[in-house]
Amino acid sequence: SRGFWIKPSVKFLTDFLRTNPVDVIVSSGPPHSMHLIGMGVKKNTNIPWVADFRDPWTGIDFYDKLMLTRFADRKHHKLEKEVLQNADTVIAVGSHLAKRLENTGGREVQVITNGFDPDDFSFLPVEPEDFFTLTHIGSLNRDRNPDALWKAIADLCSQNKEINEKLRLRFVGKTDYSLKESLAKTGLQDRTEIIPYLQHSEALKLAAASAVLLLLINQTPNQKGIVTGKVFEYMATGRPVLCVGPEDGESAQIISSTSAGLTCNFNDQSEIKKVILQLFNKWPDNYKDHSRVKIQSYSRKNLAGNLVQLLNSQF
């Protein structure tokens, strides 16, 4: 439905590259029509082409909700396979996505993750807030709304006077109506702040001042492979991350390997309570001792270096 710019783009770029030669073409998707443009230019010019997948194509978690006809579904799978088999190099944002693409295309896929820009965090350090605030940054849809988390928080507030006085919830970004229903059912609405939109820089400052950052993984079939760009910016703030999702998922592995936080399964209410209590008992002293050394491999400067090495080694 959004493919009408492919043919004119291929024609324009083919003409442009005759007088403005380059060494390599890189297409980055979604939108995956970018890869179809890259493939068309590659066929016309024979310039080496790298297809960079920042999200799955037919494996995206909402693919089955697109209401595609049988013809359109077959077309998507055909085009995805064609891209994978014709690109000189394929890059994926995570190992789970890479394996899926390898199975589809029958070829090796390189991994270069998302990351964070150190310049975005030049404002650090910040003073901690007076409240024990659990903050979620970004859109929160129905699949990303874990009822066990809100029930665990409500239980803690009813059982622990100090937590009841100090705990607050903050959501920055678009939130699904199901979240408001969950908060109302658990009686948490009066300690909740919802901010529909903030500039990126302001959202990061709020995140850095928070006690805990919530990383909520979609409860979808591809949950183990979900690694949002948000997790790297969370880690860069130096604040502890509470991930609610699969404990053997890729996001959980990154958080664990960098000592950036803890992960609890979606429905493990008792473990969620235990972890939040543990984080509360360390707050606010943990503003002083959190090391950001382990996350430097995820800085965009280092990741750009990885891309350069890959390009230099293959072309």
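The coordinates are above.
Numbering of residues begins from 1 in every chain and follows the order in which that chain's sequence is written. Per-residue local features are limited, in this predicted model, to residues with pLDDT of at least 70; the limit for side-chain atom pairs, both in listing and counting, is 80 or more; totals at the level of whole chains, interfaces and linings are taken over all residues. Think of the side-chain values as coming from all heavy atoms in the structure, minus any hydrogens and water.

> How would you summarise the environment of Gln219 if you had to cite specific residues and measurements?
With respect to the element layout, Gln219 can be found in the loop between β8 (212-216) and α9 (230-237). The buried label goes to any residue with under 20% of its type's maximum accessible area, the exposed label to any with over 50%, and the partly exposed label to all in between, with areas taken from a 1.4 Å probe on protein chains only. Assessed through its relative accessible area of 35%, Gln219 is described here as partly exposed. Taking the C-alpha atoms as reference points, Gln219 and Asp61, separated by 158 residues in sequence, lie 9.2 Å from one another. In this text, helices come from DSSP runs of H or I with a minimum length of four residues, and strands from runs of E with a minimum of two, each type numbered from the N-terminal end.

> How would you sum up the environment of Ala208? Please name residues and give values.
Among the secondary structure elements, Ala208 is positioned in helix α8 (residues 200-209). A C-alpha to C-alpha distance of 12 Å links Ala208 and His136, two positions 72 residues apart in sequence.

> Give a description of the pattern of salt bridges that names residues and reports values.
Any Lys or Arg side-chain nitrogen found within 4 Å of a carboxyl oxygen on Asp or Glu counts as a salt bridge. Across all of its chains, the model carries 13 salt bridges by this definition. Among the ionic pairs, Glu129 bridges to Arg170, the shortest N-O distance being 2.7 Å. Highlighted residues: Glu129 in the loop between β4 (110-111) and β5 (132-137) and Arg170 in strand β6 (residues 167-172), separated in sequence by 41 residues. Note on accessibility: Glu129 and Arg170 belong to one class, buried. What emerges from the salt-bridge pattern is a single network uniting Lys11, Asp15 and Arg18.

> So what's going on with the pairing of strand β2 (residues 49-53)? Residues and values would help.
Within β2, five of the five residues are buried, which leaves it mostly tucked inside the rest of the structure. Side-chain alternation along β2 places Trp49, Ala51 and Phe53 on one buried face and Val50 and Asp52 on a second face that is also buried. Relative to β2, strand β1 (residues 25-29) runs parallel, the two being bridged by five bridges. Across the sheet, Ser27 pairs through a bridge with Ala51, a residue of β2. Once the chain exits β1 it traverses helix α2 (residues 33-45) before rejoining the sheet at β2, and the crossover so formed is right-handed. For the segment spanning β2, helix α3 (residues 70-86) and strand β3 (residues 89-92), crossover handedness is right-handed. Paired strands, in this sense, are two strands between which DSSP finds at least two bridges. By the criterion used throughout, a crossover qualifies as right-handed when its path from the first strand across the helix to the second strand runs clockwise, the strands pointing away from the viewer.

> Describe the packing of α3 against helix α4 (residues 95-105), listing the residues and the values that go with them.
The convention used is that axes are lines fitted to C-alpha atoms, helices contributing only their stretch in contact, and that angles between N-to-C directions extend from 0 to 180 degrees. Packing of α3 against α4 brings their axes to within 9 Å, and their N-to-C directions diverge by 95°. Relative to α4, α3 is oriented roughly perpendicular. Between α3, through Glu80, Lys81, Leu84 and Gln85, and α4, the contact on the second element is made entirely by Leu101, Thr104 and Gly105. Residues that form the contact of α3 with α4 fall into these classes: two nonpolar, three polar and two charged. When an angle is under 35 degrees it counts as roughly parallel; over 145 it counts as roughly antiparallel; between 65 and 115 it counts as roughly perpendicular; any other value is oblique. We call two residues in contact when some of their heavy atoms are within 4.5 Å. Gly is put with the polar residues, along with every residue not named as nonpolar or charged; the nonpolar set is Ala, Val, Leu, Ile, Met, Phe, Trp, Tyr, Cys and Pro, and the charged set is Asp, Glu, Lys and Arg.

> Just give me the short version of unusual backbone geometry, but keep the residues and values in it.
Of note, the bond from Gly29 into Pro30 is cis; its omega dihedral lies within 30 degrees of zero at 10°. Among the structural elements, Pro30 can be located in the loop between β1 and α2. Positive phi, close to 65°, is recorded for Asn46, a residue that is not glycine. You can see Asn46 is positioned in the loop between α2 and β2. Judged by relative accessible area, which is 58%, Asn46 ranks as exposed. Although it is not a glycine, Ser259 adopts a positive phi angle of roughly 55°.

> Before we move on, could you go through the side chain of Lys42 and cite the residues and values that matter?
The residue Lys42 is located in helix α2 in this model. Excluding anything up to four places from it in sequence, Lys42 contacts Ile25, Ile47, Pro48, Trp49, Asn86 and Asp88.

> Help me get a handle on the sheet that holds β6, residues and values and all.
With parallel pairing, six strands are arranged side by side in an open sheet as β7-β6-β5-β8-β9-β10. Each of the sheet's edge strands pairs with one partner strand only, and the pair in question is β7 (192-195) and β10 (261-264). The sheet shows a mean angle of 20° between the axes of neighbouring strands, taken without regard to direction. Alignment of β8 against strand β9 (residues 241-244), held across four bridges, turns out to be parallel.

> Residue-level account of a nonpolar patch on the surface, with values.
A patch is a set of surface residues, each over 30% in relative accessible area and not in a salt bridge, joined within 9 Å for like charges and within 5 Å for the nonpolar side chains Val, Leu, Ile, Met, Phe, Trp and Tyr. Note on areas: these come from Shrake-Rupley sampling with a 1.4 Å probe, and a residue is covered only by the protein chains present in the view. Judged by side-chain polarity, Phe62, Leu66 and Leu68 come together as a nonpolar surface patch covering roughly 250 Å² of accessible area. In this structure, Leu66 sits in the loop between β2 and α3.

> Would you mind going over the side chain of His32 in detail, with residue names and values included?
Here His32 shows up in the loop between β1 and α2. Reaching out from His32, the side chain makes a polar contact with the backbone oxygen of Pro56 at a distance of 3.0 Å. Those residues in contact with His32 that lie beyond four places of it in its chain are Phe53, Asp55, Pro56 and Trp57. Definition of a polar contact: a pair of N or O atoms within 3.5 Å, with one able to donate and the other able to accept a hydrogen when the atoms are protein atoms, and with sequence-neighbouring residues admitted only if both atoms are side-chain atoms.

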